[in-house]
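Notes for the structure review
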Amino acid sequence: MIKTSTSTNQLNYERSMMESAIERSDLAFYQTLKPQLDALIRNPSEETISKILAYSKKK
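Each helix and strand in the protein was counted, giving two helices and zero strands. Within the protein, buried positions represent 0% of all 59 residues. Per element, the accessible surface of the protein, about 6100 Å² overall, is 60% carbon and sulfur.

In the structure shown here, the tally under the stated rule is two salt bridges. For lysine 34, the salt bridge goes to aspartate 38, with nearest N and O atoms at 3.2 Å. Highlighted residues: lysine 34 and aspartate 38, both in helix H1 (residues 10–42), separated by four residues, approximately one helical turn. Since its relative accessible area comes to 31%, lysine 34 is described here as partly exposed. Since its relative accessible area comes to 21%, aspartate 38 is described here as partly exposed.

This part is about a nonpolar patch on the surface. Together, Tyr30, Leu37 and Leu40 line one region of the surface with nonpolar side chains, adding up to about 250 Å² of accessible area. Along the chain, leucine 40 falls in helix H1. What makes leucine 40 partly exposed here is its relative accessible area of 35%.

About the cut-offs
- Residues numbered from 1 in each chain as written.
- Predicted model: local features only at pLDDT ≥ 70, side-chain atom pairs only at ≥ 80, totals over all residues.
- Heavy atoms only, no water.
- Helix = DSSP H or I, 4+ residues; strand = E, 2+ residues; numbered from the N terminus.
- Buried < 20%, exposed > 50% of the residue type's maximum accessible area, 1.4 Å probe, protein only.
- Areas by Shrake-Rupley, 256 points an atom, 1.4 Å probe, with all protein chains shown as cover.
- Salt bridge = Lys/Arg side-chain N within 4 Å of Asp/Glu carboxyl O.
- Patch = residues over 30% accessible without salt bridge, like charges linked within 9 Å, V, L, I, M, F, W, Y side chains within 5 Å.

See below:
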């Protein structure tokens, strides 16, 4: 009986592991900002509104 196997490409495996780690860190970053962003949507302060308007006029 002949035994066959397929080698895994270590470079592709490491790249996929790195990409999934980046996705997890991005998700964790968003989860820490989410409550603040939700509060900003519901009740923006006058200072925040003026900063957004000033930034939009610069462009």
